[in-house]
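# A structural walkthrough
Residues per chain are reported as follows:
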Amino acid sequence: MTDEHTLGKSFTLNDGNSIPLVGLGTSRILPNETISVITTAIDIGYRHFDTSEFYKNTTQLGDGLRQVLLSGKVNRDELFITAKLAPCYEAFGDIETSLKEFLTLLQLEYVDLCLLHFPIQFKKGATKCNNDPKFGEYINGFCDHVQLWKEMEDVVEKGLAMSIGVSNFNQQQIKNIIQTCKIPPAVLQTECHAYLQVKDLVKFCQHEGIFITAFAPFGSPGLSKFEPCYKECDILSDEVVLDLVRKYGRTSAQILLRYLIQRGIGVIPKSSDAVRLTENINIFDFSLTDDDMEMMTKLDKNGRIFSFPFFKEHPQYPYCEEIN
Ligand code: NAP
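Residues numbered from 1 in each chain as written. Predicted model: local features only at pLDDT ≥ 70, side-chain atom pairs only at ≥ 80, totals over all residues. Heavy atoms only, no water.

Time to look at the overall build of the protein chain. Check the secondary structure of the protein chain and you find 11 helices and 10 strands. By residue count, 55% of the 324 residues in the protein chain fall in the buried class. Long-range contacts, defined here as pairs at least 24 residues apart, represent 75% of the contacts in the protein chain between residues at least 6 apart. If you sum the accessible surface of the protein chain, you get close to 13,700 Å²; carbon and sulfur atoms cover 50% of it. (Helix = DSSP H or I, 4+ residues; strand = E, 2+ residues; numbered from the N terminus. Buried < 20%, exposed > 50% of the residue type's maximum accessible area, 1.4 Å probe, protein only. Contact = heavy atoms within 4.5 Å. Areas by Shrake-Rupley, 256 points an atom, 1.4 Å probe, with all protein chains shown as cover.)

And the structure:
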(Lines give C-alpha, C1' and ligand atoms only; values in the text may rest on other atoms or scores of the structure.)
Protein backbone atom coordinates (compact mmCIF):
# COMPACT_ATOMS: atom_id res chain seq x y z
CA MET A 1 0.00 0.00 0.00
CA THR A 2 1.30 3.49 -0.82
CA ASP A 3 2.22 5.62 2.18
CA GLU A 4 -0.39 8.37 2.10
CA HIS A 5 2.01 10.96 3.44
CA THR A 6 4.45 10.53 0.55
CA LEU A 7 1.84 10.05 -2.16
CA GLY A 8 2.74 12.15 -5.19
CA LYS A 9 0.53 13.13 -8.08
CA SER A 10 2.34 10.84 -10.49
CA PHE A 11 3.96 7.43 -10.54
CA THR A 12 7.20 6.33 -12.18
CA LEU A 13 6.54 3.34 -14.45
CA ASN A 14 8.88 0.36 -14.82
CA ASP A 15 10.36 1.95 -17.97
CA GLY A 16 11.17 5.23 -16.20
CA ASN A 17 8.29 7.24 -17.71
CA SER A 18 5.98 9.10 -15.37
CA ILE A 19 2.17 8.71 -15.39
CA PRO A 20 -0.20 11.15 -13.61
CA LEU A 21 -2.23 9.20 -11.03
CA VAL A 22 -5.46 10.87 -12.11
CA GLY A 23 -6.45 10.95 -15.75
CA LEU A 24 -9.63 11.86 -17.58
CA GLY A 25 -11.61 8.93 -18.97
CA THR A 26 -13.05 9.98 -22.33
CA SER A 27 -15.54 7.22 -23.03
CA ARG A 28 -19.08 8.64 -23.23
CA ILE A 29 -17.88 12.23 -23.63
CA LEU A 30 -20.20 13.25 -26.46
CA PRO A 31 -18.51 14.35 -29.69
CA ASN A 32 -20.16 17.79 -29.58
CA GLU A 33 -18.90 18.49 -26.05
CA THR A 34 -15.44 16.95 -26.38
CA ILE A 35 -13.44 20.06 -27.32
CA SER A 36 -14.93 22.10 -24.48
CA VAL A 37 -14.45 19.24 -21.94
CA ILE A 38 -10.79 18.88 -22.96
CA THR A 39 -10.06 22.61 -22.69
CA THR A 40 -11.90 22.83 -19.35
CA ALA A 41 -10.02 19.80 -18.04
CA ILE A 42 -6.68 21.33 -19.05
CA ASP A 43 -7.58 24.57 -17.25
CA ILE A 44 -8.49 22.58 -14.13
CA GLY A 45 -5.14 20.77 -14.21
CA TYR A 46 -5.69 17.46 -16.04
CA ARG A 47 -2.72 16.34 -18.10
CA HIS A 48 -3.56 12.65 -18.56
CA PHE A 49 -6.25 11.60 -21.06
CA ASP A 50 -7.42 8.05 -21.69
CA THR A 51 -8.62 7.36 -25.24
CA SER A 52 -9.66 4.39 -27.35
CA GLU A 53 -10.48 3.48 -30.92
CA PHE A 54 -13.87 2.45 -29.52
CA TYR A 55 -14.92 5.89 -28.31
CA LYS A 56 -16.69 7.90 -30.95
CA ASN A 57 -14.94 11.16 -30.11
CA THR A 58 -11.33 10.67 -31.24
CA THR A 59 -11.52 13.27 -34.03
CA GLN A 60 -12.90 15.90 -31.64
CA LEU A 61 -10.40 14.86 -28.99
CA GLY A 62 -7.61 15.48 -31.52
CA ASP A 63 -9.09 18.91 -32.29
CA GLY A 64 -9.29 19.70 -28.56
CA LEU A 65 -5.70 18.65 -27.93
CA ARG A 66 -4.52 20.64 -30.97
CA GLN A 67 -6.37 23.69 -29.62
CA VAL A 68 -4.78 23.51 -26.17
CA LEU A 69 -1.33 22.92 -27.62
CA LEU A 70 -1.66 25.86 -30.02
CA SER A 71 -2.92 28.08 -27.19
CA GLY A 72 0.40 27.54 -25.41
CA LYS A 73 -1.38 26.53 -22.18
CA VAL A 74 0.57 23.26 -22.21
CA ASN A 75 3.42 21.73 -24.14
CA ARG A 76 3.17 18.27 -25.65
CA ASP A 77 5.68 16.90 -23.15
CA GLU A 78 3.39 17.95 -20.26
CA LEU A 79 0.56 15.78 -21.58
CA PHE A 80 0.13 12.06 -21.00
CA ILE A 81 -2.03 10.50 -23.72
CA THR A 82 -3.10 6.87 -23.53
CA ALA A 83 -4.35 5.16 -26.69
CA LYS A 84 -6.07 1.79 -26.47
CA LEU A 85 -5.85 -0.18 -29.70
CA ALA A 86 -8.35 -2.82 -30.64
CA PRO A 87 -6.42 -5.85 -31.89
CA CYS A 88 -8.33 -5.45 -35.11
CA TYR A 89 -6.51 -7.05 -37.97
CA GLU A 90 -6.45 -9.96 -40.31
CA ALA A 91 -2.70 -10.34 -40.46
CA PHE A 92 0.10 -9.54 -38.12
CA GLY A 93 1.78 -6.21 -38.73
CA ASP A 94 -1.33 -4.11 -38.19
CA ILE A 95 -0.45 -2.67 -34.78
CA GLU A 96 1.82 -0.01 -36.24
CA THR A 97 -0.73 0.81 -38.95
CA SER A 98 -3.55 1.06 -36.38
CA LEU A 99 -1.51 3.25 -34.09
CA LYS A 100 -0.50 5.53 -36.97
CA GLU A 101 -4.17 5.90 -37.98
CA PHE A 102 -5.06 6.72 -34.38
CA LEU A 103 -2.22 9.26 -34.16
CA THR A 104 -3.48 10.96 -37.31
CA LEU A 105 -6.91 11.40 -35.69
CA LEU A 106 -5.32 12.63 -32.46
CA GLN A 107 -3.07 14.99 -34.47
CA LEU A 108 -0.10 13.75 -32.47
CA GLU A 109 3.26 12.24 -33.38
CA TYR A 110 3.37 9.80 -30.49
CA VAL A 111 1.30 8.60 -27.54
CA ASP A 112 2.68 8.30 -24.04
CA LEU A 113 1.05 4.93 -23.51
CA CYS A 114 -0.29 2.45 -26.03
CA LEU A 115 -2.44 -0.40 -24.68
CA LEU A 116 -3.89 -3.49 -26.27
CA HIS A 117 -7.54 -2.92 -25.39
CA PHE A 118 -8.54 -6.60 -25.26
CA PRO A 119 -6.90 -10.02 -25.31
CA ILE A 120 -9.25 -10.92 -28.16
CA GLN A 121 -8.73 -10.38 -31.86
CA PHE A 122 -11.46 -8.57 -33.79
CA LYS A 123 -12.43 -8.64 -37.41
CA LYS A 124 -10.89 -5.78 -39.30
CA GLY A 125 -13.12 -2.71 -39.25
CA ALA A 126 -15.64 -4.34 -36.91
CA THR A 127 -14.94 -2.48 -33.74
CA LYS A 128 -14.48 1.22 -34.27
CA CYS A 129 -17.57 2.10 -32.27
CA ASN A 130 -19.06 0.33 -29.29
CA ASN A 131 -22.66 1.17 -30.14
CA ASP A 132 -22.21 -0.46 -33.48
CA PRO A 133 -24.13 -3.74 -33.85
CA LYS A 134 -20.94 -5.27 -35.26
CA PHE A 135 -19.03 -4.51 -32.05
CA GLY A 136 -18.95 -8.14 -31.01
CA GLU A 137 -17.46 -9.38 -34.26
CA TYR A 138 -14.27 -11.09 -33.32
CA ILE A 139 -12.15 -13.76 -34.85
CA ASN A 140 -13.03 -16.92 -33.03
CA GLY A 141 -9.49 -18.19 -33.06
CA PHE A 142 -6.42 -17.95 -30.94
CA CYS A 143 -4.88 -14.48 -30.70
CA ASP A 144 -1.11 -14.84 -30.40
CA HIS A 145 -0.36 -12.35 -27.63
CA VAL A 146 3.37 -13.04 -27.75
CA GLN A 147 3.56 -12.13 -31.46
CA LEU A 148 1.29 -9.15 -30.89
CA TRP A 149 3.51 -7.95 -28.07
CA LYS A 150 6.54 -7.97 -30.40
CA GLU A 151 4.64 -5.50 -32.56
CA MET A 152 3.96 -3.39 -29.48
CA GLU A 153 7.69 -3.37 -28.74
CA ASP A 154 8.34 -2.25 -32.32
CA VAL A 155 6.15 0.85 -31.91
CA VAL A 156 8.24 1.83 -28.88
CA GLU A 157 11.44 1.38 -30.89
CA LYS A 158 9.95 3.54 -33.67
CA GLY A 159 9.08 6.31 -31.18
CA LEU A 160 5.32 6.04 -31.78
CA ALA A 161 4.61 5.10 -28.13
CA MET A 162 6.69 5.89 -25.07
CA SER A 163 5.25 3.09 -22.91
CA ILE A 164 3.19 -0.01 -23.67
CA GLY A 165 0.73 -2.11 -21.74
CA VAL A 166 -2.49 -4.10 -21.82
CA SER A 167 -6.11 -3.73 -20.81
CA ASN A 168 -8.63 -6.40 -19.77
CA PHE A 169 -5.93 -9.11 -19.78
CA ASN A 170 -6.04 -11.62 -16.94
CA GLN A 171 -3.08 -12.71 -14.81
CA GLN A 172 -2.16 -15.74 -16.95
CA GLN A 173 -2.34 -13.72 -20.15
CA ILE A 174 0.04 -11.13 -18.65
CA LYS A 175 2.38 -13.90 -17.45
CA ASN A 176 2.57 -15.28 -21.01
CA ILE A 177 3.80 -11.91 -22.25
CA ILE A 178 6.25 -11.38 -19.40
CA GLN A 179 7.91 -14.75 -20.06
CA THR A 180 9.07 -13.81 -23.56
CA CYS A 181 9.07 -10.02 -23.81
CA LYS A 182 11.97 -7.62 -24.27
CA ILE A 183 9.92 -4.73 -22.83
CA PRO A 184 7.59 -5.76 -19.99
CA PRO A 185 4.11 -4.23 -19.88
CA ALA A 186 4.26 -0.96 -17.96
CA VAL A 187 0.51 -0.74 -17.26
CA LEU A 188 -2.57 -2.90 -16.89
CA GLN A 189 -5.79 -0.93 -17.32
CA THR A 190 -8.58 -2.91 -15.72
CA GLU A 191 -11.95 -2.46 -14.03
CA CYS A 192 -11.31 -1.77 -10.36
CA HIS A 193 -13.43 -0.05 -7.73
CA ALA A 194 -14.68 -0.61 -4.19
CA TYR A 195 -17.05 -3.40 -5.32
CA LEU A 196 -14.46 -5.10 -7.57
CA GLN A 197 -11.08 -4.82 -5.90
CA VAL A 198 -9.26 -7.52 -7.93
CA LYS A 199 -6.85 -7.95 -5.02
CA ASP A 200 -4.93 -10.93 -6.45
CA LEU A 201 -4.45 -9.21 -9.78
CA VAL A 202 -3.28 -5.99 -8.09
CA LYS A 203 -0.86 -7.95 -5.90
CA PHE A 204 0.52 -9.83 -8.90
CA CYS A 205 0.95 -6.69 -11.04
CA GLN A 206 2.51 -4.66 -8.24
CA HIS A 207 4.93 -7.53 -7.57
CA GLU A 208 5.86 -7.57 -11.28
CA GLY A 209 6.26 -3.78 -11.39
CA ILE A 210 3.18 -3.30 -13.58
CA PHE A 211 1.16 -0.20 -12.70
CA ILE A 212 -2.61 -0.62 -12.47
CA THR A 213 -4.96 1.99 -13.86
CA ALA A 214 -8.53 1.54 -12.60
CA PHE A 215 -11.36 2.15 -15.02
CA ALA A 216 -14.95 2.73 -13.89
CA PRO A 217 -13.79 3.89 -10.42
CA PHE A 218 -17.34 5.04 -9.52
CA GLY A 219 -19.03 1.92 -10.90
CA SER A 220 -19.82 3.76 -14.15
CA PRO A 221 -23.10 5.49 -13.16
CA GLY A 222 -25.37 6.04 -16.15
CA LEU A 223 -23.68 3.35 -18.26
CA SER A 224 -26.80 1.29 -18.94
CA LYS A 225 -28.41 4.23 -20.72
CA PHE A 226 -25.61 4.07 -23.29
CA GLU A 227 -24.99 0.35 -23.28
CA PRO A 228 -28.04 -1.62 -22.12
CA CYS A 229 -26.12 -4.91 -21.89
CA TYR A 230 -24.45 -3.58 -18.71
CA LYS A 231 -25.79 -2.82 -15.25
CA GLU A 232 -23.82 -0.15 -13.39
CA CYS A 233 -23.56 -0.28 -9.58
CA ASP A 234 -24.27 2.50 -7.14
CA ILE A 235 -21.07 2.74 -5.11
CA LEU A 236 -21.34 6.51 -4.69
CA SER A 237 -24.21 6.08 -2.22
CA ASP A 238 -22.89 3.07 -0.33
CA GLU A 239 -23.43 3.60 3.44
CA VAL A 240 -19.75 2.98 4.29
CA VAL A 241 -18.70 5.55 1.70
CA LEU A 242 -21.31 8.02 3.00
CA ASP A 243 -19.97 7.60 6.57
CA LEU A 244 -16.52 8.58 5.27
CA VAL A 245 -18.04 11.50 3.35
CA ARG A 246 -19.36 12.84 6.68
CA LYS A 247 -16.11 12.13 8.52
CA TYR A 248 -13.73 13.75 5.98
CA GLY A 249 -16.04 16.43 4.56
CA ARG A 250 -15.33 15.11 1.06
CA THR A 251 -17.63 13.80 -1.66
CA SER A 252 -18.26 10.12 -2.35
CA ALA A 253 -16.31 10.41 -5.59
CA GLN A 254 -13.28 11.78 -3.75
CA ILE A 255 -13.40 8.99 -1.14
CA LEU A 256 -13.61 6.31 -3.86
CA LEU A 257 -10.70 7.77 -5.84
CA ARG A 258 -8.59 8.38 -2.75
CA TYR A 259 -9.11 4.78 -1.68
CA LEU A 260 -7.70 3.55 -4.99
CA ILE A 261 -4.69 5.84 -5.14
CA GLN A 262 -3.79 4.92 -1.55
CA ARG A 263 -3.62 1.33 -2.81
CA GLY A 264 -1.07 2.51 -5.39
CA ILE A 265 -3.60 2.39 -8.24
CA GLY A 266 -4.14 5.13 -10.85
CA VAL A 267 -7.65 6.31 -11.76
CA ILE A 268 -9.32 7.59 -14.93
CA PRO A 269 -12.78 8.86 -13.89
CA LYS A 270 -14.92 10.28 -16.68
CA SER A 271 -16.79 13.54 -16.28
CA SER A 272 -18.08 16.17 -18.67
CA ASP A 273 -18.95 18.60 -15.89
CA ALA A 274 -16.54 21.29 -14.64
CA VAL A 275 -17.54 20.94 -10.98
CA ARG A 276 -17.12 17.17 -11.00
CA LEU A 277 -13.90 17.39 -13.02
CA THR A 278 -12.51 19.66 -10.31
CA GLU A 279 -13.73 17.36 -7.52
CA ASN A 280 -12.16 14.30 -9.11
CA ILE A 281 -8.65 15.73 -9.33
CA ASN A 282 -8.60 17.33 -5.88
CA ILE A 283 -7.79 14.22 -3.89
CA PHE A 284 -4.21 14.88 -2.84
CA ASP A 285 -4.79 17.00 0.27
CA PHE A 286 -6.35 14.41 2.56
CA SER A 287 -5.78 10.77 3.39
CA LEU A 288 -7.86 7.87 4.67
CA THR A 289 -6.68 6.24 7.89
CA ASP A 290 -5.64 2.59 7.92
CA ASP A 291 -8.91 1.69 9.67
CA ASP A 292 -10.95 3.47 7.02
CA MET A 293 -8.94 1.79 4.25
CA GLU A 294 -9.78 -1.52 5.94
CA MET A 295 -13.50 -0.67 5.99
CA MET A 296 -13.37 0.11 2.29
CA THR A 297 -11.55 -3.16 1.61
CA LYS A 298 -14.52 -5.03 3.07
CA LEU A 299 -16.87 -3.60 0.41
CA ASP A 300 -15.39 -5.94 -2.20
CA LYS A 301 -18.06 -8.22 -3.70
CA ASN A 302 -16.67 -9.26 -7.06
CA GLY A 303 -19.00 -6.72 -8.67
CA ARG A 304 -17.76 -6.72 -12.24
CA ILE A 305 -19.76 -4.39 -14.50
CA PHE A 306 -17.77 -4.66 -17.74
CA SER A 307 -18.10 -8.39 -18.30
CA PHE A 308 -18.06 -7.97 -22.10
CA PRO A 309 -20.86 -10.51 -22.65
CA PHE A 310 -20.38 -10.46 -26.42
CA PHE A 311 -16.92 -12.08 -26.00
CA LYS A 312 -17.90 -14.81 -23.56
CA GLU A 313 -17.69 -17.60 -26.11
CA HIS A 314 -14.16 -16.65 -27.18
CA PRO A 315 -11.40 -19.06 -26.05
CA GLN A 316 -9.38 -16.13 -24.67
CA TYR A 317 -12.25 -14.47 -22.79
CA PRO A 318 -10.35 -13.16 -19.74
CA TYR A 319 -12.93 -13.67 -16.96
CA CYS A 320 -13.96 -17.31 -17.43
CA GLU A 321 -13.61 -18.14 -13.74
CA GLU A 322 -16.31 -15.54 -12.95
CA ILE A 323 -19.00 -16.93 -15.30
CA ASN A 324 -21.73 -18.76 -13.42
P1 NAP B 1 -16.80 6.12 -14.11
O2 NAP B 1 -15.65 7.03 -14.33
O3 NAP B 1 -16.83 5.24 -12.92
O4 NAP B 1 -18.15 6.95 -14.08
C5 NAP B 1 -18.45 7.99 -14.98
C6 NAP B 1 -19.81 8.54 -14.59
O7 NAP B 1 -19.72 9.13 -13.27
C8 NAP B 1 -20.33 9.59 -15.52
O9 NAP B 1 -21.70 9.36 -15.70
C10 NAP B 1 -20.11 10.89 -14.76
O11 NAP B 1 -21.11 11.83 -15.06
C12 NAP B 1 -20.20 10.45 -13.31
N13 NAP B 1 -19.34 11.26 -12.44
C14 NAP B 1 -18.10 11.73 -12.69
N15 NAP B 1 -17.60 12.40 -11.66
C16 NAP B 1 -18.54 12.37 -10.68
C17 NAP B 1 -18.61 12.89 -9.37
N18 NAP B 1 -17.60 13.59 -8.85
N19 NAP B 1 -19.75 12.67 -8.66
C20 NAP B 1 -20.78 11.97 -9.18
N21 NAP B 1 -20.77 11.45 -10.43
C22 NAP B 1 -19.66 11.63 -11.18
O23 NAP B 1 -17.04 5.15 -15.37
P24 NAP B 1 -16.52 5.03 -16.86
O25 NAP B 1 -16.68 6.30 -17.61
O26 NAP B 1 -17.19 3.83 -17.41
O27 NAP B 1 -14.95 4.73 -16.70
C28 NAP B 1 -13.98 5.75 -16.71
C29 NAP B 1 -13.09 5.67 -17.92
O30 NAP B 1 -12.42 4.41 -17.95
C31 NAP B 1 -13.80 5.71 -19.26
O32 NAP B 1 -14.20 7.03 -19.60
C33 NAP B 1 -12.76 5.13 -20.18
O34 NAP B 1 -11.77 6.10 -20.50
C35 NAP B 1 -12.16 4.03 -19.31
N36 NAP B 1 -12.75 2.69 -19.55
C37 NAP B 1 -11.95 1.72 -20.07
C38 NAP B 1 -12.47 0.47 -20.33
C39 NAP B 1 -11.58 -0.60 -20.90
O40 NAP B 1 -12.09 -1.61 -21.43
N41 NAP B 1 -10.29 -0.45 -20.82
C42 NAP B 1 -13.81 0.17 -20.06
C43 NAP B 1 -14.59 1.18 -19.50
C44 NAP B 1 -14.05 2.42 -19.25
P45 NAP B 1 -20.77 13.35 -15.58
O46 NAP B 1 -19.98 13.22 -16.83
O47 NAP B 1 -22.10 13.94 -15.78
O48 NAP B 1 -19.99 14.00 -14.45
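The ligand sits among 30 residues. The nearest are Asp50, Ser220, Lys270, Ser271 and Arg276. Between the ligand and serine 220, the relevant distance is 2.6 Å, taken from an oxygen atom to a side-chain nitrogen or oxygen of the residue. For the ligand, the accessible surface in isolation is 910 Å², of which the surrounding protein chains cover 89%. A breakdown of the residues in the shell around the ligand according to their chemical character gives 12 nonpolar, 12 polar and six charged. (Near = heavy atom within 4 Å. Polar contact = N/O pair within 3.5 Å; in protein donor to acceptor, adjacent residues only side chain to side chain. Nonpolar A, V, L, I, M, F, W, Y, C, P; charged D, E, K, R; others polar.)

So, about the side chain of lysine 84. Position of lysine 84 relative to the elements: it lies in strand E5 (residues 80-85). Within the structure, lysine 84 has its side chain in polar contact with the side chain of tyrosine 55 (distance 3.1 Å).

Bringing the nonpolar core into the picture now. Of all hydrophobic cores here, the largest spans 101 residues; its most connected members are Leu24, Phe49, Leu99, Val111, Ile174, Ile255 and Met296. Top element by residues in this core is helix H9 (residues 252-262). It accounts for seven residues. Aside from chain neighbours lying at most four places away, what touches leucine 24 is Ile29, Val37, Ile38, Ala41, Tyr46, His48, Phe49, Asp50, Pro269, Lys270, Ser271 and Leu277. (Core = buried A, V, L, I, M, F, W, Y, C linked by side-chain atoms within 4.5 Å.)

Turning to the packing of aromatic side chains, a few remarks are in order. All chains considered together, the criterion is met by eight aromatic pairs. Between the aromatic rings of phenylalanine 11 and phenylalanine 211, the centroid separation amounts to 4.6 Å while the plane-to-plane angle is 20°, which identifies the pairing as stacked. Remark: phenylalanine 211 occurs in strand E9 (residues 211-215) and phenylalanine 11 occurs in strand E1 (residues 10-12); sequence separation between them is 200 residues. Given the relative accessible area of 35%, phenylalanine 11 is considered partly exposed. With centroids separated by 5.0 Å and ring planes inclined at 50°, the aromatic side chains of tyrosine 230 and phenylalanine 306 adopt a geometry described as tilted. Of the two residues, tyrosine 230 is situated in the loop between helix H7 (223-226) and helix H8 (239-248) and phenylalanine 306 in the segment after helix H11 (290-297); the sequence distance between them amounts to 76 residues. (Phe/Tyr/Trp six-rings, centres within 6.5 Å; stacked < 30°, edge-to-face > 60°.)

Take the pattern of salt bridges next. Once their charged atoms are close, side chains differing in charge can pair, the charge on each being opposite to the other. Tallying each qualifying case throughout the model produces 12 salt bridges. For lysine 182, the salt bridge is made with glutamate 157, and the minimal N-O distance between the two is 3.4 Å. Here lysine 182 is found in the loop between helix H5 (171-180) and strand E8 (187-191), whereas its partner glutamate 157 is found in helix H4 (residues 145-157), with 25 residues between them in sequence. For lysine 182, a relative accessible area of 63% gives the class exposed. One salt-bridge network, held together by shared partners, links Glu96, Lys100 and Lys158. (Salt bridge = Lys/Arg side-chain N within 4 Å of Asp/Glu carboxyl O.)

Attention shifts here to the sheet that holds strand E10 (residues 266-267). Overall, parallel pairing links the eight strands, which are arranged E3-E4-E5-E6-E7-E8-E9-E10 in an open sheet. Since the sheet does not close on itself, it has two edges, and those belong to strand E3 (24-25) and E10, each with one partner. Summarising the sheet, strand E4 (residues 48-52) and E5 pair through five bridges and their orientation is parallel. Across the sheet, phenylalanine 49 pairs through a bridge with isoleucine 81, a residue of E5. (Pairing = 2+ DSSP bridges.)

Attention now moves to the pairing of E4. With five of five residues buried, E4 is to be regarded as a mostly interior element. Burial of E4 is two-sided: the residues His48, Asp50 and Ser52 facing one way and the residues Phe49 and Thr51 facing the other way are all buried. Of the pairings in the sheet, the one linking E3 to E4 comprises two bridges and is parallel in character. Bridging across to E4, leucine 24 finds its partner in phenylalanine 49. At this point the chain moves from E3, through helix H1 (residues 31-44), to the parallel E4, and the crossover so formed is right-handed. In this fold, the crossover linking E4 to E5 by way of helix H2 (residues 58-71) has right-handed handedness. (Right-handed = clockwise from strand over helix to strand, strands pointing away.)

Within the element layout of this structure, glycine 264 appears in the loop between H9 and E10. Here the alpha-carbon distance between glycine 264 and isoleucine 212, two residues 52 residues apart in the chain, equals 7.9 Å.

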